[in-house]
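Residue-level structural notes
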Amino acid sequence: MLQVRDLGVAFGAVQPLAGVSFGIDKGETLGIVGESGSGKSLTAMSVMGLLPLIGGRITDGSMQFDGQDLTRLAEKDYRKLRGGRIGLITQNPMTSLDPLQKIGPQVDAVAVLHLGMTGAQARARTVEILGTLRIPEPALICDRYPHQMSGGMKQRIVIAMALAADPDLLIADEPTTALDVTVQAQIIRLLDDLVKQRNLALILITHDMSVVAQTCDKVVVMYAGRAIEQGPVGAIFDAPQHPYTQALIGCIPRGLADGDRIEGIPGTVPTVMNYPKGCPFHPRCDRAQPTCETVEPVLTPRGDGAVACHFPGAAP
Amino acid sequence: MLARYTFQRILMTIPVSIAISIVIFMIVRLLPGDPIDNLIRVGSSPAARAELVAKYGLDRSLIAQYFTWVSQMFRGDFGDAIVLRRPVADLIAQNLPYSLTLGGLAFLFSSVFGMILGTVSAMTRNPFVERFVRGFILLGSTVPGFWLALLLILLFSVQLGWFPVSGARGWDSLVLPVMTIGFGGIALVARVTRVALMDAGREDFVTLLHAKGLSRGTILRRHLLPHAMLPVVTILALRIGWILGGAVTVEFVFGRPGLGSLLIRALGQRDYPVVQGCLLMLALAVMLGTLIGDVAQAAMDPRIREAKS
Amino acid sequence: MTTRTMAARSFDAFARMSVGRAFGSTVGKIAGGFIVLLVLTAIFAPWIAPFDYAAQNLANGNTPPAWPHLLGTDEFGRDVLSRVIYGARTSLSVSGTAIAISMTVGMTLGAAAGNFGGFFERAVMTVVDLTWSFPDILIALIFVAIIGPGLTSTTFAIAIAYLAQFTRLTRAQIVRLKRETFIEATINLGAKPAHILLRHLMPNAIAPVIVVGMLAIGDGIVLEATLGFFGLGAQPPTPSWGAMMSSGTAQLFLSPWVIIFPGIVVAVTVIAVNLFGDELIRALDIRDRLRGA
């Protein structure tokens, strides 16, 4: 349904994103994973066409959505898609809702705009959706203000807004990062159920590899604005090929005994200003060779997935 | 909830009013010399002086004097003007309507045009419009009011003869004074509106609004403007005092009757009963303005209504 | 290292860094240049002014701008240009002194209020909030009413009119800084309150106050001119921009230049001060700190 090819994004003279490609179909969950600053959120904003809002623009590539190239879409047509066929769930529920408006109208607006419903019809639909998201007493909630709700509730309301117009594609940008751990699990399970019930396509952006392992069908691993490995979740987790992916999986605390050390990855993520030449991961890679410093690896198919590395393969 | 907030707010004005009244009361007592000389004509008969001493309780303690003064005020007696020899309350009643008209019109003028200008400058993508508005705002905030008044008189009254130079007869005499005050007022409102809109536009929830597919116009109308109104209303309410100040100067330059010119003349003539009366009125206006501003803010922002405790 | 040396050093670094950067932009150069020019004119007035500002020449009254009276003459035949030049002295010295006093007292009050808190803070802030919503012209008028007209009373009137602003700003800074973790750390290390106040809080709080002070000098100049216009400021024959425009009003039809030129100078001065102040704010990147006031 959505096919992204060679996406490149620039902000002025800086190029935070380059050569990103992936595809997703109905009923699939695609995980985009990486550390902060790897370009995950930018990818989401690009698909939504919201880059101009933050001062960016698409420089290369195409995004095919149901036969249309989103990179060439006129703004007013894009608006019909946004909220209508593509829904966005943002990262920080505490600040995602308009504090001056009641909950009800904020969700109603989506159905009114995209489904042409009247106020009453939209409200009925809102109450229904809030109910399916397991929000207690949805009719009463509609008359409350955002600051009266907890973080978990607010995030469900954001999800309701994304679902109200029955979209085909949902993009969830780190939907649980700002929430408590217990609530995180609930929200993830909620999203999972939605995908199964409505046969949605879900792009789940996260920095948490364990979430990806549990819920996603496919995964794209990003580093420094590039996709460095991608493929079916099973294959990637069983046999990761890129040293970064291997390190990420290695970081997941699993079955630790007392006294065991938690693994980390030495070094820090490079900022957009100084992406290293050649392979962006080479300063932190224990496999790096002189080639890695000068030649940038291209994403090449390998097994069931694809890797961008000069020396892919199991860890030595 | 809003009613409770309003009630609490009104209660809060009581101690403030008392404090202000004490300050104004003390002005006359702080002046060098015998307070009686500041309340009555020099060279009055001993009988008249004695009468005043009895009336204001000048032979009693300061606290007693204060209470006498306050109780007289509540009965509508603000004392008598020294120079004009009329009850101050009469003078105020006579001049108040002029000040209210001028102040009210100037306030409306500044608010409406200021908000329009501020919105245009925040939302426009045209760099010239933006720079023009910013220059206008700069000029409006810095040019001395009385100089602008004189310039306007020079241009429109003397050279072009469109409007009368001074006085308060007819609607056309209001145009130049309102424009003078308005110039500064528009600049202030426009600047606050512009900043408020730009700040609102940077808030997180705006991203989600766009993601819902709402158009720029809808987002502006339904979401950004209500947010921007908060600081604008706050500033407007607080700066009612500022607009009053502009009115004072302008009334003087244009020779219009009003509380402002009354006050300045009284200051020059050392007619302290009038000074006290005018200051009280102006202080009242400022406090009222602040109160209305606070209540309006609470009406617009549900978070404020509930935070009160 | 003594507190005085530390304060002096931090101020020095601050001054050099910020002023240097503010002069970097074109706007900064022009505005700052004008201010410097004005200050120099005020200092060297006796050497720059072509005529004696008080010299009357009734036969030559009300002449329009022409050589040798480049800005014309007023009703008494006095050279407008010279009076404007000397007026700069009056305006700058009155405004500068007033704001200096206002800043010192305001900072002390604000710092004390913010630092000690409690009843003292609430009392001070209630009084300050009261005066803050009053227009500066009104406060000045009240003060002049009590003391009487003249340069000294104008200076004090201006100082009192802006006192509230500095108190609020300083207190807001102190309150903001007290919450910072590094202060908590200093307290935990056993520092005494006075030491914390002088060594840590004040140097960080100073920057916005100084910039606001600069902007206030601009407002002070307008206030001084307004008071002068009402005849309540500098008394004749001391030249003052406001008083010049006041006496010029009577001759509005005959010799408008007497009003126009001093007004232009006031307007341009205040604009320059505001523009330079804005550049300073940008150079120091403290726009967010100014929201407290």
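Residues numbered from 1 in each chain as written. Chains lettered and ligands numbered in written order. Predicted model: local features only at pLDDT ≥ 70, side-chain atom pairs only at ≥ 80, totals over all residues. Heavy atoms only, no water.

Some details on the overall build of chain A
Convention followed: To qualify as a helix, a DSSP run of H or I must reach at least 4 residues; to qualify as a strand, a run of E must reach at least 2; elements of each kind are numbered from the N terminus. Radius of gyration: C-alpha atoms only; globule rule: 2.2 Å multiplied by the number of residues to the exponent 0.38. Residue exposure (1.4 Å probe, protein chains only): buried if accessible area is under 20% of the type maximum, exposed if over 50%, otherwise partly exposed. Should any heavy atoms of two residues lie within 4.5 Å, those residues are considered in contact. The method behind every accessible area is Shrake-Rupley, applied with a 1.4 Å probe, and residues are considered shielded solely by the protein chains displayed. Neither His nor the chain ends contribute to the count of charged residues, in which Lys and Arg are positive and Asp and Glu negative. We put the charge of a Lys on NZ, of an Arg on CZ, of an Asp on CG and of a Glu on CD.
Looking only at helices and strands, chain A has 13 helices and twelve strands in total. Computed over its C-alpha atoms, the radius of gyration of chain A comes to 20 Å, within 12% of the 20 Å expected for a compact globule of 316 residues. Judged by the C-alpha coordinates and their principal axes, chain A covers about 65 × 55 × 35 Å. Here chain A, with 316 residues, has 54% of them falling under the buried criterion. By sequence separation, contacts in chain A at least 24 residues apart represent 64% of the contacts at least 6 residues apart. Carbon and sulfur atoms form 52% of the exposed surface of chain A, whose accessible area is close to 13800 Å². For chain A, the separation between the mean place of its 28 positive charges and that of its 32 negative charges on side chains is 5 Å.

Points about the side chain of N95(B)
Looking at the element boundaries, N95(B) is found in helix α5 (residues 88–123). Contacts of N95(B), omitting those with residues within four sequence positions, involve P257(B), G258(B), L259(B) and L262(B).

Topic: the packing of α5(B) against helix α8 (residues 172–201) of chain B
Residues and elements named next belong to chain B. To be explicit about the condition: What counts as an axis is a line fitted to C-alpha atoms, over the stretch in contact for a helix, and the angles between N-to-C directions run from 0 to 180 degrees. Convention used here: angles under 35 degrees read as roughly parallel, angles over 145 as roughly antiparallel, angles from 65 to 115 as roughly perpendicular, and any remaining angle as oblique. Crossings are sorted by hand: turned counterclockwise from the far helix by less than a right angle, the near helix makes the crossing left-handed, and turned clockwise it makes it right-handed. Basically, the charged four are Asp, Glu, Lys and Arg, the nonpolar ten are Ala, Val, Leu, Ile, Met, Phe, Trp, Tyr, Cys and Pro, and anything else, Gly included, counts as polar.
Axis separation between α5 and α8 bottoms out at 6 Å; the angle between their running directions is 40°. One finds that α5 runs oblique with respect to α8. At the point where α5 passes α8, the crossing takes the right-handed sense. Split into classes, the residues belonging to the contact of α5 with α8 amount to 18 nonpolar, ten polar and one charged.

Points about the environment of I264(B)
In this fold, I264(B) is placed in helix α12 (residues 259–269). Note: C-alpha distance between I264(B) and V275(B) (eleven residues apart in sequence) is 8.4 Å. Dropping the residues within four chain positions of it, I264(B) is found in contact with V248(B), F252(B), L141(C) and F230(C).

Focus on the side chain of D98(A)
To be explicit about the condition: Nitrogen and oxygen atoms within 3.5 Å of one another constitute a polar contact, given that in protein one can donate a hydrogen and the other can accept it, and given that sequence-neighbouring residues count only through two side-chain atoms.
Here D98(A) is to be found in the loop between α4 (93–96) and α5 (103–115). By relative accessible area, D98(A) is classed as buried at 2%. Here the side chain of D98(A) touches H223(B) through a polar contact of 2.6 Å, side chain to side chain.

Some thoughts on the interface of chain B and chain A
Applicable threshold: Summed over both partners, the accessible area (1.4 Å probe) lost when two parts come together is defined as the buried area. Salt bridge, as applied in this entry: a Lys or Arg side-chain nitrogen positioned within 4 Å of an Asp or Glu carboxyl oxygen.
Of the residues lining the interface, 21 residues belong to chain B; the matching set on chain A comes to 26 residues. Together chain B and chain A conceal approximately 2000 Å² of surface at their shared face, both sides included; 66% is due to carbon and sulfur atoms. Among the residues of chain B in contact with chain A, L208(B), A211(B) and K212(B) are the three that bury the most area, contributing 29% of the side total. At the junction of chain B with chain A, the criterion picks out zero salt bridges. Breaking the side of chain B that touches chain A down by element, the ones donating at least two residues are α9 (204–211), α10 (216–238) and α14 (302–307) of chain B. A breakdown of the residues in the side of chain B that touches chain A according to their chemical character gives eight nonpolar, six polar and seven charged.

Digging into the pairing of strand β2 (residues 14–24) of chain A
All names here are of chain A. Where we set the bar: Any two strands are treated as partners once DSSP identifies two or more bridges connecting them.
Most of β2 is tucked away, with eight of its eleven residues classed as buried. Bridging between strand β1 (residues 2–11) and β2 involves six bridges; their strand directions are antiparallel. Across the sheet, the residue bridging to L2 is I24, located in β2.

Focus on the interface of chain C and chain B
Each partner contributes to the interface: chain C provides 33 residues, whereas chain B provides 38 residues. Both faces considered, chain C and chain B share a buried interface measuring about 3200 Å² in area, 84% of it formed by carbon and sulfur atoms. Joining chain C to chain B, the criterion identifies zero salt bridges. Put simply, the parts of the chain that give the side of chain C that touches chain B at least two residues each are α5 (118–132), α6 (136–147), α9 (193–229), α10 (241–250) and α11 (257–284) of chain C.

Brief notes about the environment of A211(B)
Note that A211(B) resides in helix α9. Residue classification places A211(B) among the buried residues on the basis of a relative accessible area of 3%. Setting aside chain neighbours within four positions, we find A211(B) in contact with M48(A), L50(A), R82(A), G83(A) and L88(A).

Some words on the nonpolar core
To keep it simple, the criterion reads: Take the buried Ala, Val, Leu, Ile, Met, Phe, Trp, Tyr and Cys residues and link them wherever side-chain atoms come within 4.5 Å; each set so joined is a nonpolar core.
By size, the foremost hydrophobic cluster in this structure holds 105 residues, and its most contacted members are W69(B), V253(B), L263(B), V274(B), L141(C), F166(C) and W241(C). The element contributing the most residues to this core is helix α13 (residues 272–300) of chain B, with ten residues. Grouped together as the second largest cluster of nonpolar side chains are 94 residues, M161(A), I188(A), C216(A) and L248(A) included.

Things to note about the sheet that holds strand β5 (residues 68–69) of chain A
All names here are of chain A. With antiparallel pairing, four strands are arranged side by side in an open sheet as β2-β1-β4-β5. Across the chains shown, the open sheet's two edge strands, defined by having one partner strand only, are β2 and β5. When β1 meets strand β4 (residues 57–65), the two strands line up antiparallel, connected through seven bridges. Along β4, the bridge assignment pairs R5 with S62. Sheet contacts for helix α1 (residues 40–48): β1, β2 and β4; angle to β2, the most-contacted strand, approximately 70°.

Things to note about unusual backbone geometry
Residues and elements named next belong to chain A. Of note in this structure, E174 is not a glycine but carries a positive phi near 45°. Relative to the assigned elements, E174 resides in the loop between β7 (169–173) and α9 (181–198). Here the phi dihedral of N199 falls at roughly 55°; this positive angle occurs in a residue that is not glycine. Along the chain, the position of N199 falls in the loop between α9 and β8 (201–206).

Focus: the sheet that holds strand β3 (residues 29–33) of chain A
Residues and elements named next belong to chain A. Taken in spatial order, the eight strands of this open sheet run β6-β7-β8-β3-β9-β10-β12-β11, and their pairing is mixed. This sheet does not close on itself; its edge strands, each paired only once, are β6 (86–89) and β11 (300–302). Between one strand and the next, the sheet's axes are offset by a mean angle of 20°, whatever the strand orientation. Strands β6 and β7 of the sheet are contacted by helix α8 (residues 151–163), whose axis makes an angle of about 170° with β6. On the sheet, helix α12 (residues 243–251) packs against β9 (218–223) and β10 (226–232) and is oriented at approximately 105° with respect to β9.

Quick notes on the arrangement of the chains
If you rank the two pairs of chains in contact by how many contacts each has, first place goes to chains B and C. The closest approach of any C-alpha atom in chain A to one in chain C is 20 Å; the two make no contact.

As for the packing of aromatic side chains
This is how the line gets drawn: Two aromatic rings, drawn from Phe, Tyr or Trp (for Trp, its six-membered ring), form a pair once their centres lie within 6.5 Å of each other, and the interplanar angle then sorts them: stacked below 30 degrees, edge-to-face above 60, tilted otherwise.
Applying the stated criterion across every chain yields a total of seven aromatic pairs over all chains. Where F146(B) meets F229(C), the ring centres are 4.4 Å apart and the plane angle is 20°; that geometry is what we call stacked. Here F229(C) lies in helix α9 and F146(B) lies in helix α7 (residues 145–159), a pairing that spans two chains. Note on F44(C) and W47(C): the rings are 6.1 Å apart at their centroids and 65° apart in plane angle, and the pair reads as edge-to-face. By the ring-pair criterion, three or more aromatic residues cluster together here, those being Y223(A), Y244(A) and F281(A).

Limitation: the analysis is restricted to geometry and does not speak to function.
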